[in-house]
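This is what each chain is made of:
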Amino acid sequence: MPQVATPLRLLLPLSQTLASAPEPLLHLSRRLLSSCPASFGRAASLRALAYRRRRHPEPRRGSSTLGKAPAKEEMDKEVAFNRKRAEGKDGAKRGSMELKTRRLNPVNTTCYVQILGTGMDTQDTSPSILLFFDKQRFIFNAGEGLQRFCTEHKIKLSKIDHIFLTRVCSETAGGLPGLVLTLAGIGDEGMSVNIWGPSDLDFLAGAMRSFIPNRAMLHTHSFGTDQNASSPQSKDSIIILDDEVVRISAMFVKPRYHNGIGSSNDSDMKPGDTAIVYACELPEIKGKFDPSKAAALGLRAGPKYRELQLGNSVQSDQFDEMVHPSDVLGPSIPGPTVLLVDCPTQYHMPELFSLQPLSCFYEDSPEQSGKKVNCIIHLGPSSVTRSVDYQNWMKKFGATQHIMAGHEIKNMEIPILKGSARISSRLNFVCPQLFPSSGFWSVQPPNDVMENDKNASLEACGSVSAQNLLKFHLRPYAQLGLDRASIPNLFTYKDIVQELVSEIPEVSEVPEQVRQFWQNNVNDKNTLPPTGNRMVEEPWINQKSDKLDDVTPFQEIVWGKHPRDSQETPCCVEDATREDMEITFLGTGSSQPSKYRNVSSIYINLFAQGGILLDCGEGTLGQLKRRFGVNGADEAVKGLRCIWISHIHADHHTGLARILALRSKLLRGMPHKPLLVIGPRPLERFLNAYSTLEDLDMQFLDCRHTLKSSVEAILSENDTESAIPQLENTMFAPGSRMENYNRKPASPRDTTALANFKEVLQESGLEILYSVPVLHCPQAFGVVFRAMEKTNSAGKVIPGWKVVYSGDTRPCPALIDASRDATVLIHEATFEDSMKDEAIARNHSTTKEAIEVGTSAGAYRIILTHFSQRYPKIPVIDEVDMKKTCIAFDLMSVNLADLPVVPKVLPHLKVLFKDELVVDEADEIQEAAVY
């Protein structure tokens, strides 16, 4: 190898980074002067690394091209990416992420509990409860969607001091990993939060550490380490927080199986089955100060009055005696008390009803001693809380305000995420063909929910159903009670459409225009001769623009191999039925959930042959329910053939445990196989650790064992043991910097998974599915899958469709080669074109780069996704780039048969969002710590 200048010598390894690169690669670093003017801003500080194919001798010392543009013959071979990030070595030193310390205010002017209605409309997660003080905030439960909910309703997560879990499972803690990472990304130092839960919390914390990079992000506190149900600590309450403003204690509720004969030691019980009842007790309210009594005892007006009001005794100014608070204050008022009761199943009821620490709050208890519960929030499902036994237990508390916050059917009619529902309704109005979900749906009882809404006699006195943002005031005492002022106004689909038409009158004509060109596409297909002549696209789609003459170097790398455009409709699209394949985008944003876009998830609907999930970010289950309804989503989950995860970043997989746990529950007692999960190896560590809490019923397969050569070997041979992954031509090749991330040979467990993988392909009607290493972080992949060929009614053999998903990546020659002649390329487009430096530094793609990848590969259609949350509705895209491209939105469904007309929809969507192309400055967008 030629000698290289010393500053460059350290940047030479990883010659096999891309399987498609036939020549050695040289990595070049653009170094910035520390004295760069501040005016260069953030973009200047993000100059990243590059690699290029060497065709000429290395530059001599002193003649480096690092600080100037390369010559044309060199530039046409350059593709830039951040090599350190791809190797996982770019971790900038984060701040200490120390816990917040606040000066408490014992005399609070405001205190209330509030219902945060996450999951109320979709029944997929437990609602959260906010306990608000002037100087402190507490949240009970952090299910999936909490971040998105708080963004929608302007609740600042940075103000949260403590999070308490009533159970440790995906239903109550699914949003915790994303929340922790988001807090860690706030400010220069990052932030953290105290997390409290039963000893089961240790299992969750251990699982989260498999992908959370900094241990300082997790401040977990578990209590009740003894798992023995008969131990004294499981019968008594544990005080876990006691300060000037509140005392919070916890009581354990464990299930009793086998008709009450068994105990919590039963083998059927998992750690995540333990539920917690929290008691939040505020200090007593001191009586009113009487100045006349103080004067009679010889006190002059001044600081001693204040000391007495704070409960301290003082010396009389006129007499030789002490004056005590009781001498000058009226009767004290007991502090308000709130109970949060989570009784998830009927098996928990016997333990709950026999809890000794609760007996002091019962109306007829001799131990009550003036204690009274002002409000009880019930988090259990209505199938439990509406039972006769539970209702009778509620009556023991007397005249207490009960708030039933468990899942109830009537709450499903009101979308909790109003911003998302508003966008869905508008898109549905303009183009129902691509956006069948209106944001509203008719209510049907879930399969596993028993409702007794009509039997009002079962309701205890003082019981109300929870509503989103309902408050119960605790202080000031004069306002003690319910407050409905914050409950959002009801709205309907009709209201949203009327609002849209009044804002943009011209949009009223768009639905008919869309309907006409959609119908023309159907008519054109129906009039095709049976010999299979192919449709030609609309002329405007293939018009050449002068802008295309100014091509980028990256385009020139592969345009010599692949045509820029395919003018003909592929046979697989031309002969498609509406039940061949449909792509539904469940999340199209990056980093963290936002008001308008959820994080990454794509559902491939194969109809009678099941379905596949590509990535599974937080809130995936909720999005499935918004698109298909509660029962429809359950059917989709039961019909999943496999889940494929692109890489270990949290915005791509933290919804996985919730999906797997639900599937296991839905299929319990039915014959079925474990669900195949294909992903990077660190994901297996998370799933294995998490499975201690919940039954996930899955089988894991490393993405590196599904590279193209391995899959072809599996499909060509019956002996799966001979199909050991071939990594010599990939970034995991022996001798490369990333060799340590490979595990070889395949274990017997992997061999079993490979056999299951082959069955999955056959059952799904797929000819092949394989992973492609891409440039983002260690063990980051894209995926390719192709359907089996079929014979049409005329007897002609039709090749199967081909779908490629990029995951997160820089433009990548390996992915281009894998995407050749793809029917659909789904490619990330995180940044707009002006932010290319940041895209390089973070190993993401710009919109133009993503389109160039698809055009270079000859893909028939390109769908862009994974947009920065800076562009929540529609990103800015050059008109000339939209000839074969579509922008993905949450809940958008693209049917294989509709691909010819998909690009025509964009101009109509621009009318819809003509004044909203970027995020409002008032909306805060905060990057998560891992991105």
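As a starting point, this report considers the structure included with it. (Residues numbered from 1 in each chain as written. Predicted model: local features only at pLDDT ≥ 70, side-chain atom pairs only at ≥ 80, totals over all residues. Heavy atoms only, no water.)

### Some words on the environment of Phe211
And step 1. Turning to its location among the elements, Phe211 is positioned in the loop between helix H8 (201-208) and strand E9 (219-223).
And step 2. Separated by 437 residues in sequence, Phe211 and Ile648 place their C-alpha atoms 6.5 Å apart.
And step 3. With near-sequence residues (within four places) excluded, Phe211 lies in contact with Pro177, Ile648, Ala650, His653, Thr654 and Phe686. (Helix = DSSP H or I, 4+ residues; strand = E, 2+ residues; numbered from the N terminus. Contact = heavy atoms within 4.5 Å.)

### Side note on the pattern of salt bridges
And step 1. A full pass over the atoms with the stated rule returns 28 salt bridges.
And step 2. Among the ionic pairs, Glu512 bridges to Arg515, the shortest N-O distance being 2.7 Å. Of this pair, Glu512 and Arg515 both sit in helix H18 (residues 510-526), three residues apart, which is roughly one turn of that helix.
And step 3. Taking relative accessible area as the criterion, Glu512 reaches 36% and is therefore assigned partly exposed.
And step 4. With its nearest N and O atoms 2.1 Å apart, the salt bridge here joins Glu684 to Arg681. Taken together, the residues span about one helical turn, with Glu684 and Arg681 both in helix H23 (residues 681-690) at a distance of three residues.
And step 5. Residues joined by salt bridges that share partners form a network here, namely Arg422, Arg426, Glu499 and Glu503. (Salt bridge = Lys/Arg side-chain N within 4 Å of Asp/Glu carboxyl O. Buried < 20%, exposed > 50% of the residue type's maximum accessible area, 1.4 Å probe, protein only.)

### Some thoughts on the sheet that holds strand E17 (residues 401-404)
And step 1. Taken in spatial order, the seven strands make up an open sheet running E10-E11-E12-E15-E16-E17-E18, and their pairing is mixed. One side of each edge strand has no neighbouring strand; the edge strands of this open sheet are strand E10 (238-242) and strand E18 (463-465). Going from strand to strand, the sheet's axes swing by 20 degrees on average, the running direction of each strand aside.
And step 2. Strand direction decides the pairing type here: E17 and E18, joined by three bridges, are parallel. Within E18, the position partnered with Met404 by the bridge is Ser465.
And step 3. Contacting strand E15 (337-341), strand E16 (375-378), E17 and E18, helix H15 (residues 388-395) crosses the sheet at an angle of about 160 degrees to E16. (Pairing = 2+ DSSP bridges. Axes fitted to C-alpha atoms, helices over the stretch in contact; angles between N-to-C directions.)

### Things to note about the pairing of strand E35 (residues 892-895)
The two faces of the sheet receive side chains in turn, since in a regular strand these alternate between them.
And step 1. Judged by which residues are buried, E35 turns out to be covered on both faces: Met892 and Val894 on one side and Ser893 and Asn895 on the other are all buried.
And step 2. Summarising the sheet, strand E21 (residues 582-587) and E35 pair through four bridges and their orientation is antiparallel. From the neighbouring strand, Ile583 faces E35, where its bridge partner is Val894.

### Focus on H15
And step 1. Taken together, the buried positions of H15 are Tyr390, Gln391, Trp393 and Met394. Buried positions in H15, seen along its axis, are confined to an arc of 160 degrees and lie on one side of it.
And step 2. Residues of H15 that are buried in the fold lie against E15, helix H13 (349-353), E16, helix H14 (382-385), E17 and E18. (Arc of directions from axis to C-beta.)

### Re unusual backbone geometry
And step 1. Cis peptide bonds are those with omega within 30 degrees of zero, and the linkage from Arg475 to Pro476 qualifies with -5 degrees.
And step 2. Tracing the chain through its elements places Pro476 in the loop between strand E19 (471-475) and strand E20 (481-483).
And step 3. Unusually for a residue other than glycine, His866 sits at a positive phi of about 60 degrees.
And step 4. Mapping His866 onto the fold places it in the loop between strand E33 (861-865) and strand E34 (885-887).
And step 5. One non-glycine residue, Leu891, lies in the positive phi region at around 70 degrees.
And step 6. Positionally, Leu891 belongs in the loop between E34 and E35.
And step 7. By relative accessible area, Leu891 is classed as buried at 4%.

### Looking at the nonpolar core
And step 1. Of all hydrophobic cores here, the largest spans 101 residues; its most connected members are Leu131, Phe140, Leu204, Ile248, Tyr278 and Leu687.
And step 2. Setting aside residues no more than four positions away along its own chain, Leu131 makes contact with Cys111, Tyr112, Val113, Gln136, Arg137, Phe138, Phe140, Val246, Cys280 and Leu474. (Core = buried A, V, L, I, M, F, W, Y, C linked by side-chain atoms within 4.5 Å.)

### A short note on the packing of H8 against H23
And step 1. Two elements in contact, H8 and H23, have axes whose closest approach is 8 Å; the angle formed by their N-to-C orientations is 175 degrees. In terms of their interaxial angle, H8 and H23 are classed as roughly antiparallel. Across the interface between the two elements, Phe203, Leu204, Ala207 and Met208 of H8 pack against Phe686, Ala689 and Tyr690 of H23.
And step 2. Across the contact of H8 with H23, the residue classes break down as seven nonpolar, no polar and no charged. (Parallel < 35°, antiparallel > 145°, perpendicular 65-115°, else oblique. Nonpolar A, V, L, I, M, F, W, Y, C, P; charged D, E, K, R; others polar.)

### A short note on the sheet that holds strand E4 (residues 111-116)
And step 1. Taken in spatial order, the eight strands line up as E9-E8-E7-E6-E5-E4-E19-E20 in an open sheet, and their pairing is mixed. Two strands bound the open sheet, and with one partner strand each, they are E9 and E20. For this sheet, the mean angle separating the axes of adjacent strands, direction not counted, is 25 degrees.
And step 2. Where E19 lies against E20, three bridges are found, and the strand directions are antiparallel. Bridge assignment links Phe472 to a residue of E20, and that residue is Leu482.

### A short note on the pairing of strand E25 (residues 675-679)
And step 1. Across the five residues of E25, five count as buried, placing the element largely inside the fold.
And step 2. Here E25 shows a buried face lined by Leu675, Val677 and Gly679 and a second buried face lined by Leu676 and Ile678.
And step 3. The pairing of strand E24 (residues 640-644) with E25 spans three bridges and is parallel. Directly across from Ile643, in E25, lies its bridge partner Val677.
And step 4. Between the parallel pair E24 and E25, the chain is carried across by helix H22 (residues 656-666), and the sense of this crossover is right-handed.
And step 5. Judged from the five bridges that link them, E25 and strand E26 (residues 698-702) form a sheet pairing that is parallel. For Leu676, the partnering residue across the bridge sits in E26 and is Gln699.
And step 6. For the crossover that starts at E25, traverses H23 and ends in the parallel E26, the hand is right-handed. (Right-handed = clockwise from strand over helix to strand, strands pointing away.)

### Remarks on the packing of aromatic side chains
And step 1. Counting across every chain of the model gives 22 aromatic pairs.
And step 2. Summarising the aromatic geometry, the rings of Phe164 and Trp196 are spaced 6.1 Å apart at their centres and angled 15 degrees between planes, so their arrangement reads as stacked. Linking Phe164 in strand E7 (residues 162-164) with Trp196 in strand E8 (residues 194-198), this pair joins segments that are 32 residues apart in sequence.
And step 3. Of the residues examined, Phe164 reaches a relative accessible area of 0% and is grouped as buried. (Phe/Tyr/Trp six-rings, centres within 6.5 Å; stacked < 30°, edge-to-face > 60°.)

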